[in-house]
Amino acid sequence: MKALYLSFTLLIFYLPTATIAQTTLSGSVRTSDNKPLPYASVALLNARDSSLVKGAISRETGAYTFDNVRPGQYRLAASAVGYAPTRSAIVQVGTELVSLPDLALRESSQTLGEVKVVAQKPMFEQQVDRLVVNVQNSITAAGGTALEVLERSPGITVNRQNNSLTMSGKGGVLVMMNGKLTRLPIATVVQMLEGMTANDIEKIELITTPPARYDAEGDAGIINIITKKNTNFGMNGNFSATLGYGWYARPSGSLNLNYRHQKLNLYGNVSFFRSHSWQLHQFNRIVETPGDASPGQILATNTESNRFPTTTNYTGKIGFDYSLSSQTTLNGLVSGFDNLFKMDNADNQGVTYTNGVRTQQSNLLNTETNHWKHLLLNLNLRHVFKNKQEWSIDLDRLYYHNNNPNAYVSTKQDFTTGSRENEQIRISKKTPVRTWVLKTDLIKPLTTKGRLETGLKATTTRLDNTVILNRMMAEGWKIDSFYTQQYQLAEDILAGYVSLSQPLDSKTTLQAGLRYEHTHTDIHRPDGRSLVNRKYGNLFPSVFLSRKLSKNHTANLSYSRRITRPSYDDIAPFVSFVDLNTFSSGNPVLRPTISDAVQGSYTYKDAYVFSIKYSFDQNVIAGFQPHVDVATNRIQYYAENIDHQQTVTLTASLPWQLASWWKSQTNLTGLWQGLTTVYQDSPVSRSYWNAQAYSSQTFTLPHKFTAELTGFYYSPTMFGLYRGRSFGQISLGLQKTLPKEKGTLRLTMSDLFWTNTARYNSTIPALNINTTVRFLFEPRVVRLTYNRSFGSKTVKAARNRATGSEEERTRLKSN
């Protein structure tokens, strides 16, 4: 086994690579008298072992579609209430669009009992433009958070100290929930995911080369988190409860309900998560003072912050699907969350040394509340024409409100003068955000077996942000005008796209798209004084070419251009203190990042996948970069643009069935990244190599027990001007399936050896930068989760539905 693992690790660096060819299948379910049969459950099965590949529900016209199907041999199975199930002959699928023969169901004289599909999807599924992580099949994910699941996903790096995500070494990541973009800054999204229970997640899609129908936002790609939705006929549901404990309790729970009767489907979900944890943040910096002020003086400042935060999250949604006719469906959705982060009296201790002698000592107590509320209202109308054209329109209204007050009590002692200073600071920050999204799409099948898609989208956002800093003076609380800021934002984005998917021959398929987006961003103060006023338009082409080389070999080549706009708080003024000499703020001169990427991959036997991706980015947004004022010994962190960045990423997905009771999945990533920029009027060039590995071992044990051992490792990486040290994690899980369908029990333990710690350093002598940052988090969290489904389990009849604001909720940012 060691030789196999080593061979494949070396193979990823030397094997030529490309991606997977996939196609679309369409067909119809009808009754024995040739009438359309709506709401029938259709399953695409692997012809070799009858394992489930994809599932679908027939529409009002009886039609169904399977997208992104790999070439191979399949069977179709269909069932419906009151009808006997049927199964097709073997269907050979190539790279062309396939119209399948009708599936005819005969009425049954007996009541149809429960239909069970016992096949289980693999933990990872490689598709043409994305990697799918089937979270519900992971034992170690049970009872954990959505953020922890992402942390173990291939190519994803979670930077907890500044609440950021990177994908394949790049920071321009968009996060979608059920196909809807979270129009929040990535820092707020990370906080939200940390409060979201993984028990609600069905799968995560890592989309590295999004097609033209997606917004061009996010140069690294899109993370689409799809939550569970029980879609069986009748009244049914699922609930889970978790008891977790690290150093403090971490309970969670969720409930999903679904009801369908004739033309109406109602569904809803509520969940709760609470986490009380410990964190340790350490900041060390060395500054050489100017020679004319204090010749030869070296100032070393060490700050340590002990924190015990509590995060409480409530999420909920309720929606309906109603069939107005056999061809028209009206859908509605109301969803929201309440995420409360509280930290009382975080203890920040700082010591300053001058030429090795302690000269100052400070203590800062910090109390913070970061409270986000969100409400989404959505209406969707969808119509299927007789010529199989599909048209849809979405209207979304999104509202967010952030309340982020901070209180600081500081004591500073100067040992050279014997003086002692006390200071109190209060900061209030309130940010309401209002967004409208209107979106329409048209899908037209072509006589050449191709498909044409086109659409328009308009997004308008209005934001008010008020930050007030008060200091306690002899006469009472007084406003500090230097740090007090108030601004308003208005942003409008207009977009249109066209996309064509067309088979070129029996083995080759071309998909090409072009998207145009025009952006107007205006940030101004209440008196009308402008901080940012930008208008720009960009074209974003994308091309995908797939080719079936032979029975066991498939290749794909793609190109795309994307953009990452600065988050609102990246370009707007704000302030957040670690101590009185260490704080972070916004940067109003940030420019958007433009990224061009080429990707290819190669797959062998629909299982082993190797890929390579090259991207060239201009004006890369690098957050949390250090800026040292040597005169005052203050360090300020804010986002900066890096002139150019090049990234080469090589990946390999290697599944093995080592024994009938032992399944293994290993994902390997090799990454090279180089940047060139001018930083504080000095040229800077840096490059590095990074290796990432993820492995999951699943063991089927007697008496309905299953065990899972997972681990990941990241070698040293780069984060702007910082270099991060290596880190990793090993987790263990055990599952017991209870008899008579009474549910499942899962026991998990994460980070067994407390190795998932973050350490960063930046040393640039020419810029007088020598800083080190270290973050420790609570290790070895143990969780026990109980999960059970109830109600009708006969025929599936509802559909998961994206809305018009799929790409609208990633650009706010909490401090």
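Residues numbered from 1 in each chain as written. Predicted model: local features only at pLDDT ≥ 70, side-chain atom pairs only at ≥ 80, totals over all residues. Heavy atoms only, no water.

In terms of helices and strands, the protein chain carries four helices and 49 strands. In the protein chain, which comprises 815 residues, the proportion classed as buried is 57%. At a minimum sequence separation of 6, the contacts of the protein chain that also span at least 24 residues come to 68%. Accessible area of the protein chain: about 33,800 Å², with a carbon and sulfur share of 57%. (Helix = DSSP H or I, 4+ residues; strand = E, 2+ residues; numbered from the N terminus. Buried < 20%, exposed > 50% of the residue type's maximum accessible area, 1.4 Å probe, protein only. Contact = heavy atoms within 4.5 Å. Areas by Shrake-Rupley, 256 points an atom, 1.4 Å probe, with all protein chains shown as cover.)

Here the focus is the pattern of salt bridges. Summed over the entire model, instances satisfying the criterion amount to 14 salt bridges. Salt-bridge contacts for arginine 515 lead to aspartate 215; the nearest nitrogen and oxygen are separated by 2.8 Å. In this pair, arginine 515 sits in strand E32 (residues 508-524) while aspartate 215 sits in the loop between strand E16 (201-207) and strand E17 (221-227), placing the two residues 300 residues apart along the sequence. Put simply, Asp215, Glu217, Lys457, Arg515, Glu517 and Arg565 are held in one network by salt bridges that share partners. (Salt bridge = Lys/Arg side-chain N within 4 Å of Asp/Glu carboxyl O.)

Okay, the pairing of strand E14 (residues 173-177) next. For E14, a buried count of five out of five residues is recorded, marking the element as mostly surrounded by other parts of the structure. Neither face of E14 is open: one carries Val173, Val175 and Met177, the other Leu174 and Met176, and all of them are buried. Both E14 and E17 contribute to a ladder of five bridges, which runs parallel. The partner of methionine 176 across the bridge, within E17, is asparagine 224. (Pairing = 2+ DSSP bridges.)

Before going further, it helps to examine the nonpolar core. Of all hydrophobic cores here, the largest spans 45 residues; its most connected members are Leu165, Leu193, Ile204, Leu206, Ile223 and Ile225. If you look at the next biggest cluster of nonpolar residues, it comprises 20 residues, including Leu37, Leu76, Ala78 and Leu103. (Core = buried A, V, L, I, M, F, W, Y, C linked by side-chain atoms within 4.5 Å.)

This brings us to the side chain of histidine 281. Along the polypeptide, histidine 281 turns up in strand E21 (residues 279-288). Since its relative accessible area comes to 6%, histidine 281 is described here as buried. A polar contact is formed between the side chain of histidine 281 and the side chain of glutamine 279, at a distance of 3.2 Å. Look past the residues within four positions of histidine 281 in its chain and what remains in contact with it is Thr303, Glu304, Ser305, Arg307, Arg774 and Phe775. (Polar contact = N/O pair within 3.5 Å; in protein donor to acceptor, adjacent residues only side chain to side chain.)

A separate point is the pairing of strand E46 (residues 744-749). Only one face of E46 is buried: it carries Thr744, Arg746 and Thr748, and the other face, with Leu745, Leu747 and Met749, is open. In this sheet, E46 lies alongside strand E45 (residues 727-737) in antiparallel orientation, the contact comprising six bridges. Each bridged residue has a counterpart across the sheet, and for threonine 737 the counterpart in E46 is threonine 744. A loop of six residues connects E45 with E46, the two strands running antiparallel in sequence, and lysine 740 in this loop sits at a positive phi of about 55°.

Together, Met235, Phe239, Leu255, Leu257, Tyr259, Leu264, Leu266, Val270, Tyr322 and Leu324 give the surface a local cluster of nonpolar side chains, amounting to about 800 Å² of exposed area. Contributions of two or more residues to the nonpolar patch are made by strand E18 (234-245), strand E19 (252-261) and strand E20 (264-276). (Patch = residues over 30% accessible without salt bridge, like charges linked within 9 Å, V, L, I, M, F, W, Y side chains within 5 Å.)

Another aspect to go through is unusual backbone geometry. Among all residues save glycine, negative phi is the norm, and among peptide bonds the norm is trans. Unlike most non-glycine residues, asparagine 345 shows phi in positive territory, near 50°. Inspection of the secondary structure puts asparagine 345 in strand E24 (residues 328-354). If you check the backbone angles, lysine 740 has positive phi at about 55° while not being a glycine. Secondary-structure assignment places lysine 740 in the loop between E45 and E46. Assessed through its relative accessible area of 73%, lysine 740 is described here as exposed.

Bringing the confidence of the model for the protein chain into the picture now. Counting all residues, the mean pLDDT for the protein chain is 81, and 83% of those residues have values of 70 or more. Scored below 50 in pLDDT, residues 109-119 makes 17 contacts in the model with residues more than four places away or belonging to other chains. For the stretch residues 795-801, pLDDT sits under 50, and the model shows 43 contacts to residues farther than four places along the chain or on other chains. (pLDDT = per-residue confidence, 0-100.)

Another aspect to go through is the packing of aromatic side chains. A complete count under the given rule lists 18 aromatic pairs for this structure. With 5.3 Å between their ring centres and 40° between their planes, phenylalanine 272 and tyrosine 314 make a pair best called tilted. Of the two residues, phenylalanine 272 is situated in strand E20 and tyrosine 314 in strand E23 (residues 310-323); the sequence distance between them amounts to 42 residues. With relative accessibility at 26%, the residue phenylalanine 272 sits in the partly exposed group. Centre to centre, the rings of tryptophan 372 and tyrosine 400 are 6.5 Å apart; their planes meet at 80°, and the pair counts as edge-to-face. Of the two residues, tryptophan 372 sits in strand E25 (residues 357-384) while tyrosine 400 sits in strand E26 (residues 390-403), which places them 28 residues apart along the sequence. Here tryptophan 372 matches tyrosine 400 in class, with each residue buried. An aromatic cluster is built from Phe239, Tyr786 and Phe790, whose rings are joined through pairwise contacts. (Phe/Tyr/Trp six-rings, centres within 6.5 Å; stacked < 30°, edge-to-face > 60°.)

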